[in-house]
Amino acid sequence: MQPLPGIRIRRLRLAGVSRTYDVDFTHEQRVRGLSVVAGAFSSGKTAVLEFVAYGLGAKRHPRHPEVLRKVRSCLLEVELSGEPYVIERAVGEPSKAAYVRQGTLDQPAPAKPESRLIEPAGSPESLSALLLGHCKLEGVQLREAPTNRESRTDPLSFRDLMALAFLPNERIASMNFLSENEFMKKHKLKQVVDVVFGVHDDRAVELGQRIKELGSRLTQARSELAAARAFVEEQDLPVGDALTTQTYENELLELNAQLRSLDENGQADAVFPKRLRREHQQAAQRARRAAGAVRDCETQLARMMPLRAQYADDLVKLNMLAEAQRLFDPLSVTTCPACLHRLPSPPSVENGVCGLCSHELPGDDGHLTLGTSDAERSQDEGRLNVASEIRATKARLKEITDYVEGLDSSLAALKLRAEDAELAEEQAAAAVDQATRPRVTPFLAARDDLQRRREDLLRHLQHAESAARLQGGLEKRAALVERHETQIARLREELDRLGDAAQDRDLVVGRISVRYSELLRQWRYPKLSQPMIDTNLVPYVRGDSYREASSGARTLLTLAWQLAVFEVAVESSAAHPGFLMIDSPQKNLGHSGTRDAAIADAIAIDDFYRHLTSWLAEQGSGAQVIIVDNSPPRLVEDNVVVRYSRSEERPPYGLIDDETTTDEGDGDERLAHPGQA
């Protein structure tokens with residue numbers, strides 16, 4: 001059979017920093033009809049379904065500590081109308097956009113992924129619009145007040161459709177299974193069922209609006225396609241088969257192989273004469289040593305010249321100090337002005353009279369020291385012996401001058417020696433070149449030719465890859481135009497048939513009710529009587545609503561309702577996504593302390609799985625069912641895609657299989673709900 005339109009789940013990959021965590025729902029590259037995720041409590045089974053829903057546009061993803069520590073992005077490989085696609089969303093803070101590309105997880109992206117918004121769901125560029133388009137529901141509007149024809153409308157979201165494709169644990173056996181406690185959700189669920197089966201009110205008006213909306217999108221897509229084709233034509237790029245890069249890549253591989261072979265042969269043939277090679281090495285070493293000696297001599301000169309200038313400056317300063325002392329000493333009274341003999345002691349005041357001229361001095365302070373004695377002068381000169389400093393400075397200056405003159409005189413010889421060594425190295429290199437030219441020159445010429453060809457080929461390859469990307473964009477726009485045209489044609493056909501063969505809602509509800517009854521009988525529901533689903537889609541048994549049944553009975557009734565809608569939709573080619581995910585079908589039937597003994601003892605879970613495998617092999621061929629179950633029966637052992645042990649001795653431990661321990665309080669909070677994985 002041809003693949004059903006809609007969506008099929010192929011693989012889930014959680015990408016971390018250093019590794020990935022995968023769950024594969026395929027067998028021999030084909031989607032399994034029935035896939036079972038089995039294992040112990042709190043091992044991440046429910047997280048598998050929640051990440052699938054997140055990849056399809058759910059607002060949140062599992063936020064367990066091990067997930068936030070290890071996972072950075074969620075990649076979901078799906079089939080959209082039979083073609084493989086990859087949807088990627090960031091993990092951490094729920095992402096506002098998803099990135100969609102054609103191909104599989106193991107294939108490199110042929111082009112840049114397309115960004116799809118999560119909100120608003122009604123945008124033509126949203127992920128919801130893409131998924132609904134493959135379910136034949138793109139552009140559907142739901143009235144906020146179903147009974148009011150003038151009511152405001154909201155676009156159908158794929159999240160609304162997930163109520164028929166995902167049965168989470170909290171909805172199984174719930175007394176609010178059909179959102180009876182939330183008026184708007186209840187009516188929206190009813191509208192979604194009617195839309196899927198094409199029996200909702202104002203079908204003709206709604207089809208006309210969808211045709212009009214798709215017509216405007218088709219016009220825009222055709223304009224974009226025409227503009228893209230004009231751009232490609234202006235670039236004068238090859239089209240069609242000429243765009244393939246395989247030929248260039250093969251030629252590039254061949255050229256690279258030739259280059260490697262040529263290099264190996266050149267290394268084998270280019271054997272220099274040992275004597276010439278050794279002489280060249282020795283000459284190069286002597287040239288390096290001579291050049292180093294010149295650099296050292298120049299460096300020493302550059303350092304010593306400022307030092308010599310500093311010592312010369314110090315000598316000038318010391319000479320000035322000595323001259324100053326001789327110049328200013330006569331101004332002191334150290335010699336008798338009459339006889340010009342040195343005074344034995346400095347002049348003093350005796351009884352208020354100057355001891356030198358006997359003149360009476362005013363005041364009582366009596367200090368009159370105008371000079372120094374010879375003893376005092378000898379003591380002062382000992383403190384700063386200018387003459388000795390001058391002699392020492394002259395000696396150091398002479399040593400530095402002699403050293404600088406020696407360096408300067410040797411520098412010319414060193415430079416001459418360095419030039420001779422450099423000339424000798426050049427002669428040795430020339431001798432080596434002359435000896436090896438007959439072998440090396442053809443090698444270099446051949447290598448240069450191959451290198452030029454390689455560069456030309458790389459340019460052609462880059463040109464071809466650019467052309468391929470442009471052609472890919474053209475094909476993508478052409479496919480969008482074709483998809484819109486197909487959808488409009490299908491909607492017009494449906495509109496033409498509507499007047500003559502409109503589906504009766506009561507007939508659809510009746511088929512769902514009959515399937516609901518058949519399922520309960522196959523599952524040997526105890527004391528079964530009056531099973532039915534009313535026009536409001538509420539399931540009944542024994543004349544009472546499902547809300548009046550026991551917990552175990554509600555498990556069976558909610559499972560039967562969900563499967564009945566799914567199976568009838570698939571068999572009638574309704575606008576259902578084509579897959580169904582169920583979390584913990586044995587809830588209240590043997591896996592918790594709230595076990596409903598009356599139901600669990602009468603019901604064998606084998607009957608549930610036996611019906612699924614039989615239906616998927618016959619009427620439901622091409623559909624997909626994914627189930628999370630703690631302990632599935634042996635008859636579906638071949639359908640178990642992964643089994644989490646929560647034991648380090650039996651890997652895999654869980655979905656995040658390298659997180660085998662958690663801090664107290666970090667466990668799965670959903671364990672509070674019986675049967676929750």
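For the structure given in this document, a descriptive report is provided here. Because the structure is predicted, anything quoted here is derived from the model rather than measured.

Let's talk about the packing of helix H12 (residues 551-571) against helix H14 (residues 605-617)
- Where H12 meets H14, the closest approach of the two axes is 13 Å, and the angle between their N-to-C directions is 5°. On the basis of their axis angle, the class for H12 and H14 is roughly parallel. On the side of H12, the interface is formed by Leu 559, Leu 563, Phe 566, Glu 567, Val 570 and Glu 571, while H14 contributes Phe 608, His 611, Leu 612 and Trp 615.
- Looking at side-chain class alone, the contact of H12 with H14 contains 7 nonpolar, 1 polar and 2 charged residues.

Section: the nonpolar core
- The biggest cluster of nonpolar side chains holds 110 residues, and the ones touching the most others in it are Ile 9, Leu 12, Phe 51, Leu 56, Phe 197 and Phe 608.
- A total of 13 residues in this core trace back to one element, the largest contributor, which is H12.
- Beyond its immediate sequence surroundings of up to four residues, Leu 56 is in contact with Ile 9, Leu 76, Ile 87, Leu 127, Leu 131, Phe 158, Met 162 and Phe 579.
- With 13 residues, the next largest nonpolar core counts Ala 290, Val 404, Leu 411 and Ala 421 among its residues.

Comments concerning the pairing of strand S18 (residues 579-583)
- In terms of burial, S18 is largely enclosed, as 5 of its 5 residues are buried.
- Burial along S18 is two-sided: Phe 579, Met 581 and Asp 583 facing one way and Leu 580 and Ile 582 facing the other are all buried.
- With 2 bridges connecting them, strand S12 (residues 166-167) and S18 associate as parallel partners. Counterpart to Phe 166 in the pairing with S18 is Met 581.

A few points about the sheet that holds strand S15 (residues 532-533)
- Spatially, the 3 strands line up as an open sheet ordered S15-S16-S17, and their pairing is antiparallel. Whereas interior strands pair on both sides, the edge strands pair on one side only; in this sheet they are S15 and strand S17 (544-545).
- Sheet topology note: the S15/strand S16 (residues 539-541) ladder contains 2 bridges and is antiparallel. Pairing of Ile 533 across the sheet is with Pro 539, part of S16.

Thoughts on helix H1 (residues 45-55)
- Of all 11 residues in H1, 10 are buried; the element is thus mostly enclosed.
- Burial in H1 covers these residues: Lys 45, Thr 46, Ala 47, Val 48, Leu 49, Phe 51, Val 52, Ala 53, Tyr 54 and Gly 55.
- A positive backbone phi angle near 110° is found at Gly 57, which sits one or two residues after H1.

Quick word on the side chain of Asn 169
- The residue Asn 169 is located in the loop between S12 and helix H5 (183-197) in this model.
- Owing to a relative accessible area of 1%, Asn 169 belongs among the buried residues under this scheme.
- Of note is the side chain of Asn 169, whose polar atom sits 3.5 Å from the side chain of Ser 584.

As for unusual backbone geometry
- Pro 120 follows Glu 119 through a cis peptide bond whose omega is -5°.
- Looking at the secondary structure, you find Pro 120 in the loop between strand S9 (114-117) and helix H3 (127-134).
- A positive phi is found at Lys 136, a non-glycine position, where the angle reads about 65°.
- When you line up the elements, Lys 136 lands in the loop between H3 and strand S10 (141-143).

Let's talk about the pattern of salt bridges
- According to the stated counting rule, one finds 27 salt bridges in the structure shown.
- When the shortest N-O distance is used, the salt bridge between Arg 11 and Asp 22 registers 3.4 Å. Of the two residues, Arg 11 is situated in strand S1 (residues 7-16) and Asp 22 in strand S2 (residues 20-24); the sequence distance between them amounts to 11 residues.
- Arg 217 serves as the salt-bridge partner of Glu 138, at 2.4 Å between the closest nitrogen and oxygen. In this pair, Glu 138 is assigned in the loop between H3 and S10 and Arg 217 in helix H6 (residues 203-235), connecting sequence segments 79 residues apart. The same class applies to Glu 138 as to Arg 217, namely buried.
- Via salt bridges that share partners, Arg 10, Arg 11, Arg 13, Asp 22, Glu 77, Glu 79 and Asp 106 belong to a single interconnected network.

As for the packing of helix H11 (residues 505-522) against H12
- Two numbers describe how H11 lies on H12: the axes approach to 8 Å, and their chain directions differ by 130°. The orientation of H11 relative to H12 falls into the category oblique. Where H11 crosses over H12, the handedness of that crossing is right-handed. Taken together, the residues of H12 that come into contact with H11 (itself represented by Arg 511, Ile 512, Arg 515, Tyr 516, Leu 519 and Leu 520) are Leu 556, Leu 557, Ala 560, Trp 561, Leu 563, Ala 564, Val 565, Glu 567, Val 568 and Glu 571.
- Tallied by class, the residues present in the contact of H11 with H12 amount to 12 nonpolar, no polar and 4 charged.

What about H11?
- Relative to the 26 Å expected for 18 residues at 1.5 Å per residue, H11 spans 26 Å between its end C-alpha atoms, a close match to the ideal helical length.
- The complete set of buried residues in H11 reads Arg 505, Val 508, Val 509, Ile 512, Ser 513, Arg 515, Tyr 516, Ser 517, Leu 519 and Leu 520.
- On its buried face, H11 sits against H5, S15, S16, H12 and H14.
- At the exit of H11 stands Arg 524, carrying a positive phi of roughly 55°.

As for the pairing of S1
- Counting buried residues in S1 gives 9 out of 10 residues, a clear majority hidden from the surface.
- By the bridge criterion, 9 bridges tie S1 to strand S6 (residues 71-80) in an arrangement that is antiparallel. Counterpart to Arg 13 in the pairing with S6 is Leu 75.
- Pairing geometry for S1 and S2, over 5 bridges, is antiparallel. Bridge pairing links Arg 13 to Asp 22 in S2.
- In sequence, S1 turns back onto S2 through a hairpin of 3 residues.

Focus on the packing of aromatic side chains
- The full count for this structure, using the stated rule, is 5 aromatic pairs.
- Here the aromatic rings of Phe 177 and Tyr 546 are separated by 6.1 Å at their centres, their planes lie at 80°, and the arrangement is edge-to-face. Taken together, the residues span a long stretch of sequence, with Phe 177 in the loop between S12 and H5 and Tyr 546 in the loop between S17 and H12 at a distance of 369 residues. The same class applies to Phe 177 as to Tyr 546, namely buried.
- Consider the rings of Phe 608 and Tyr 609, whose centres lie 5.2 Å apart with planes at 80°: the pair is edge-to-face. With respect to class, Phe 608 is no different from Tyr 609; both count as buried.
- Taken together, the ring pairs connect Phe 177, Tyr 546 and Trp 561 into an aromatic cluster.
- If you follow Arg 89 out to its NZ or CZ, it ends over the ring of Tyr 54, 3.9 Å from the centre.

As for a negative patch on the surface
- A cluster of acidic residues, Glu 419, Asp 420, Glu 422 and Glu 426, forms a negative patch at the surface.
- Positionally, Asp 420 belongs in helix H10 (residues 386-501).
- Residue Asp 420 is classed as partly exposed on the basis of its relative accessible area of 47%.

Conventions and cut-offs
- Residues numbered from 1 in each chain as written.
- Predicted model: local features only at pLDDT ≥ 70, side-chain atom pairs only at ≥ 80, totals over all residues.
- Heavy atoms only, no water.
- Axes fitted to C-alpha atoms, helices over the stretch in contact; angles between N-to-C directions.
- Helix = DSSP H or I, 4+ residues; strand = E, 2+ residues; numbered from the N terminus.
- Parallel < 35°, antiparallel > 145°, perpendicular 65-115°, else oblique.
- Contact = heavy atoms within 4.5 Å.
- Nonpolar A, V, L, I, M, F, W, Y, C, P; charged D, E, K, R; others polar.
- Core = buried A, V, L, I, M, F, W, Y, C linked by side-chain atoms within 4.5 Å.
- Buried < 20%, exposed > 50% of the residue type's maximum accessible area, 1.4 Å probe, protein only.
- Pairing = 2+ DSSP bridges.
- Polar contact = N/O pair within 3.5 Å; in protein donor to acceptor, adjacent residues only side chain to side chain.
- Salt bridge = Lys/Arg side-chain N within 4 Å of Asp/Glu carboxyl O.
- Left-handed = near helix turned anticlockwise from the far one by under 90°.
- Expected span 1.5 Å × (residues − 1).
- Phe/Tyr/Trp six-rings, centres within 6.5 Å; stacked < 30°, edge-to-face > 60°.
- Lys NZ or Arg CZ within 6 Å of the ring centre and 35° of its normal.
- Patch = residues over 30% accessible without salt bridge, like charges linked within 9 Å, V, L, I, M, F, W, Y side chains within 5 Å.
- Areas by Shrake-Rupley, 256 points an atom, 1.4 Å probe, with all protein chains shown as cover.
- Lys, Arg positive; Asp, Glu negative; His and termini not counted.
- Charge placed at Lys NZ, Arg CZ, Asp CG, Glu CD.

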